[in-house]
Amino acid sequence: MSRPVRVRFAPSPTGIPHIGNMRTALFNWLFARHSDGKFILRIEDTDQTRKVEGAIEKIYESLGWLGLEWDEGPDVGGDSGPYMQSERLDYYQSAAKRLVEQGDAYHCYCSSERLAEMRAEQSKRKEPPRYDRTCRELTAGQRAQKEAEGLASVVRYKIPFEGITSFDDEVYGYVEFQNALLDDYVILKSDGFPTYHLANVVDDHMMQISHVIRADEWLSSTPKHVLLYKALEYNSPKYAHMPMTFGKDKAKLSKRHGATALLDYKDMGYLPEAMINFLVLLGWSLDDKTEIFSRDDLIQHFSLDRISKTGAVFNAEKLNWFNGYYIRQLTTDELIERVMPLLDAQLPADVKRPIDTEYLKEIIPLIHERLKLLTEITEFVSFFFVDDIEHKADELIGKKMTQDSSIAVLEASLPKLESLAKFDTESLEQVLRPLAEELGLKTGQLFGTLRVATTGKTVAPPLFQTMEVLGQDKCLKRIGLALEKLKGMD
RNA sequence: GCCCCCAUCGUCUAGUGGCCUAGGACGACGGCCCUUCAAGCCGUAGACAGGGGUUCGAGUCCCCUUGGGGGCACCA
């Protein structure tokens with residue numbers, strides 16, 4: 001009989017959650033949803049010195065952006081609260097007390113200066129840095145004396161001198177460690193706050209966490225936790241360590257790899273659905289061909305046994321492809337909705353607000369499949385909105401064209417376009433295609449020149465459709481401007 | 001230095017002893033389409049780190065080497 005699935009995402013509020021954290025959150029969330037279990041948010045704020053103002057809001061925002069809703073947490077409550085570790089100090093302290101009384105832990109009065117010195121010595125001698133266990137053997141009398149002196153103390157776990165601590169990891173399988181090589185690590189700091197090791201064990205037990213799904217970097221501290229579960233007579237949860245995410249240099253992803261905060265990607269114009277699809281494939285796969293997963297697909301198919309053991313490099317190129325793909329899947333209206341705030345913020349002030357949605361509906365189909373990032377939208381559509389465009393002279397003269405031939409092209413086009421009763425794609429094509437032949441030019445030369453003249457860009461959506469949306473007046477006016485520019489060049 | 005983990009194309013990965021002359025995706029390159037750019041379609045190059053075993057047979061199992069990563073705080 002296995003217990004109900006309860007997993008947690010337990011970030012510490014020390015900054016903006018980065019990609020790696022959020023991938024861990026994703027995997028936990030998927031496992032919970034797949035298993036019909038609970039996804040719990042717990043804030044591990046046990047380090048008073050590293051607390052960052054506003055970090056918790058960023059955690060909410062990051063989860064929210066990806067749509068990873070949590071069932072229990074500091075803000076939504078739940079039966080296992082409080083969900084902020086700083087509000088659970090009593091639990092940790094009594095656990096530590098119990099361990100001391102049982103003889104599984106002891107007070108240590110060594111100063112951090114002494115410890116630092118000791119470690120320096122050890123590394124000089126090329127020895128593994130470890131606590132020398134000075135305080136482990138203190139007699140009751142010695143302890144009383146230290147207390148009387150008013151010395152602050154930490155509580156250290158008393159690692160057995162012999163034996164092996166092992167566990168079965170859901171991803172890595174059987175892993176074992178020699179107790180003799182483990183350090184008497186601190187479980188309670190001198191300020192009365194627990195370390196991660198104690199806090200996560202106490203909380204995971206009290207919150208009835210069934211599976212601990214966390215990054216690989218925790219693998220080597222897991223025996224400490226296993227020992228703690230045993231000493232406290234708790235049932236150990238199952239462990240699933242997942243491979244880490246690396247930067248291009250294969251080192252643990254960190255700030256120096258550029259944008260690493262999840263929300264940076266939101267700001268850069270990525271879609272959360274693309275991000276999820278990309279992130280889940282970093283360390284998990286369904287089979288040999290499926291690449292695209294909707295949220296429901298993932299919930300349906302996600303499983304721990306398909307998590308790989310190898311670290312994955314965060315490769316933004318593939319993310320870009322996913323993003324383009326998901327943008328293309330949106331309907332015109334959906335894309336407008338997502339892009340509207342960006343346009344509102346980025347389009348020049350003299351463009352009328354609110355931005356004309358009907359007009360956008362004509363424009364979007366032209367640029368939709370060209371968009372890779374939402375933030376590119378302004379660059380793609382501004383020439384539709386702006387009144388006067390700026391022509392670059394050298395762009396006005398295309399490949400295999402000269403100043404004179406460009407002028408000729410525009411002058412020949414003008415009357416044809418002016419005479420058009422209907423300024424739509426078909427009519428435009430009907431007059432412009434023959435015109436190229438008349439002028440003895442390739443269609444590309446004619447259309448290219450007109451493209452730059454009407455849009456101000458060398459790269460734009462198909463000419464006729466663009467001109468139709470732009471409208472006759474704007475096109476004629478812009479061609480006129482282009483002619484002036486070309487003629488005034490000498 | 002010690003401990004732990006990992007090892008298939010540049011990257012993400014499929015592969016759980018014969019279905020592998022190793023599959024897919026991104027990227028790269030070439031082509032088609034074509035008024036530019038995209039998108040789409042077609043195609044090409046590209047990997048089992050090395051060495052020993054085990055086996056009739058090893059990318060798949062074992063060992064060693066090498067390489068990479070992670071951990072070794074009163075941080076999580």
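What comes next concerns the included structure.

Focus on the protein's contact with RNA strand B
Argument step 1. Looking at RNA strand B, there are 68 residues lining it, with Gly-283, Glu-369, Arg-370, Arg-451 and Ala-460 nearest.
Argument step 2. For RNA strand B, the backbone portion of the atoms within 4 Å of the protein, that is sugar and phosphate, comes to 71%.
Argument step 3. In this structure, a sugar or linking oxygen belonging to RNA strand B sits 3.4 Å away from a main-chain N or O atom of Glu-317.
Argument step 4. One of the backbone nitrogen or oxygen atoms of Leu-463 is found 3.4 Å away from a base nitrogen of RNA strand B.
Argument step 5. At the level of elements, helix 4 (112-124), strand 4 (154-157), strand 6 (173-178), strand 11 (312-313), helix 11 (316-329), helix 18 (443-455) and helix 19 (463-470) are the ones that each hand at least two residues to the surface near RNA strand B.

Re the pairing of strand 5 (residues 164-169)
Argument step 1. Only one face of strand 5 is buried: it carries Thr-165, Phe-167 and Asp-169, and the other face, with Ile-164, Ser-166 and Asp-168, is open.
Argument step 2. Pairing of strand 5 with strand 6 involves six bridges; the strand directions are antiparallel. In the sheet register, Ser-166 faces strand 6, and the bridge partner there is Glu-176.
Argument step 3. Connecting the antiparallel pair strand 5 and strand 6 is a turn made up of three residues.

With respect to the nonpolar core
Argument step 1. Membership of the largest hydrophobic core comes to 143 residues, with the highest contact counts inside it found for Ile-187, Met-275, Phe-314, Phe-384, Phe-385 and Leu-432.
Argument step 2. The greatest single-element share of this core, amounting to nine residues, is contributed by helix 1 (residues 19-34).
Argument step 3. What Ile-187 contacts, discounting residues up to four positions off in sequence, is Ala-96, Leu-99, Ala-105, Val-155, Arg-156, Tyr-157, Pro-194, Thr-195, Leu-198 and Leu-228.
Argument step 4. Grouped together as the second largest cluster of nonpolar side chains are ten residues, Cys-108, Met-118, Cys-135 and Leu-138 included.

With respect to the packing of aromatic side chains
Argument step 1. A complete count under the given rule lists 20 aromatic pairs for this structure.
Argument step 2. Look at Tyr-265 and Phe-314: their rings are 5.6 Å apart centre to centre, the planes differ by 65°, and that puts the pair in the edge-to-face class. With a gap of 49 residues between them, Tyr-265 in helix 8 (residues 262-268) and Phe-314 in the loop between strand 11 and helix 11 connect regions that are remote in the sequence.
Argument step 3. A relative accessible area of 6% means that Tyr-265 is categorised as buried.

A word on the pattern of salt bridges
Argument step 1. Scanning the entire structure with this criterion turns up 31 salt bridges.
Argument step 2. Put simply, Arg-6 and Glu-72 hold a salt bridge, and the shortest N to O gap is 2.9 Å. Of the two residues, Arg-6 sits in strand 1 (residues 6-9) while Glu-72 sits in the loop between helix 2 (55-66) and helix 3 (89-102), which places them 66 residues apart along the sequence. Assigned by exposure class, Arg-6 and Glu-72 land together as buried.
Argument step 3. Measuring nitrogen to oxygen at the nearest pair gives 3.1 Å for the salt bridge that ties Asp-249 to Arg-256.
Argument step 4. Of the residues examined, Asp-249 reaches a relative accessible area of 41% and is grouped as partly exposed.
Argument step 5. A relative accessible area of 60% means that Arg-256 is categorised as exposed.
Argument step 6. Connected via shared salt-bridge partners are Arg-8, Arg-42, Glu-44, Arg-88, Asp-203 and Asp-204.

Cut-offs applied
- Residues numbered from 1 in each chain as written.
- Chains lettered and ligands numbered in written order.
- Predicted model: local features only at pLDDT ≥ 70, side-chain atom pairs only at ≥ 80, totals over all residues.
- Heavy atoms only, no water.
- Near = heavy atom within 4 Å.
- Polar contact = N/O pair within 3.5 Å; in protein donor to acceptor, adjacent residues only side chain to side chain.
- Helix = DSSP H or I, 4+ residues; strand = E, 2+ residues; numbered from the N terminus.
- Buried < 20%, exposed > 50% of the residue type's maximum accessible area, 1.4 Å probe, protein only.
- Pairing = 2+ DSSP bridges.
- Core = buried A, V, L, I, M, F, W, Y, C linked by side-chain atoms within 4.5 Å.
- Contact = heavy atoms within 4.5 Å.
- Phe/Tyr/Trp six-rings, centres within 6.5 Å; stacked < 30°, edge-to-face > 60°.
- Salt bridge = Lys/Arg side-chain N within 4 Å of Asp/Glu carboxyl O.

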